[in-house]
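Listed below are the residues making up each chain.
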Amino acid sequence: APPGCNAEHFIAPAAEAADIAALPHPRLCFFGGIDERLDIGLLAGLARRRPDWTLVLLGVVRTDVSPLRDLPNVVFISQRPYSVLPAYLQHMDALLLPYVITEYTRRIYPAKVVECLATGKPVVAAALPDLLPLRDLVQIVEPGDDVARAIDDALHTHTPAAARRRQEMA
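Residues numbered from 1 in each chain as written. Predicted model: local features only at pLDDT ≥ 70, side-chain atom pairs only at ≥ 80, totals over all residues. Heavy atoms only, no water.

**Quick notes on the packing of aromatic side chains**
So, point 1. For the coordinates displayed, the defined rule picks out two aromatic pairs.
So, point 2. Pairing Phe10 with Tyr82 gives two aromatic rings, centres 5.6 Å apart and planes at 80 degrees, and the pair type is edge-to-face. Of this pair, Phe10 sits in helix H1 (residues 7-11) while Tyr82 is found in the loop between strand E3 (74-77) and helix H4 (85-89), placing the two residues 72 residues apart along the sequence.
So, point 3. Residue Tyr82 is classed as partly exposed on the basis of its relative accessible area, which comes to 39%. (Phe/Tyr/Trp six-rings, centres within 6.5 Å; stacked < 30°, edge-to-face > 60°. Helix = DSSP H or I, 4+ residues; strand = E, 2+ residues; numbered from the N terminus. Buried < 20%, exposed > 50% of the residue type's maximum accessible area, 1.4 Å probe, protein only.)

Set out below in structure tokens:
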């Protein structure tokens, strides 16, 4: 079974955090440690290809993010307390789990996927083996797939019913 999470914490409506209120939509967010497990090159390519999207990286930066630093539609927000995460995540349009597929990441189950699902928001994730069973709830991106198209699909197929299914699983 997947790791648990305090689903109610992420489901209960939260007012938008003041520091994201002015950010344009659609907003795509990764939250957590920004480290070598993230596909920084992929994120930089997405930001350049889709200047109309706002990429929000919320967490402590522990790796070289220079490819992202000068892109006007990439926003870094330092780590926020768990208690206020819903004020950020509920006001995003999709949540991203853009991991590089390596021997190491093939063995991880990103517990935050359950928190992502609890928000009801579309989730777009790298094809980590443990996430494949969630394919009906998470937009899985295989190596070589067009990530921008997968995100577009996730944004355009989002419905209240889909949000409820994600929240029920969480």
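We are not done yet, so read on.
**Focus: the sheet that holds strand E6 (residues 139-141)**
So, point 1. Strand order across the open sheet formed by six strands is E3-E2-E1-E4-E5-E6, with parallel pairing between neighbours. Pairing within the sheet leaves two strands with one partner each, and these edge strands are E3 and E6. Pairwise comparison of adjacent strand axes, ignoring direction, gives a mean angle of 25 degrees for this sheet.
So, point 2. The pairing of strand E5 (residues 123-126) with E6 spans three bridges and is parallel. Following the sheet pairing, Ala125 is matched in E6 by Ile140.
So, point 3. Those strands touched by helix H5 (residues 112-119) are strand E1 (27-31), strand E4 (94-97) and E5, and its axis lies near 170 degrees from that of E4. (Pairing = 2+ DSSP bridges. Axes fitted to C-alpha atoms, helices over the stretch in contact; angles between N-to-C directions. Contact = heavy atoms within 4.5 Å.)

**Digging into the pattern of salt bridges**
So, point 1. Applying the stated criterion across every chain, the model contains eight salt bridges.
So, point 2. Arg37 is the salt-bridge partner of Asp35, the closest N and O atoms lying 2.9 Å from each other.
So, point 3. On the accessibility criterion, Arg37 (22% relative accessible area) is partly exposed.
So, point 4. Ionic pairing is found between Arg107 and Glu103, a salt bridge with its closest N-O pair at 3.6 Å.
So, point 5. Looking at Glu103, the relative accessible area reads 49%, which means it is partly exposed.
So, point 6. Each of Arg50, Asp52 and Asp152 takes part in a single network of salt bridges with overlapping partners. (Salt bridge = Lys/Arg side-chain N within 4 Å of Asp/Glu carboxyl O.)

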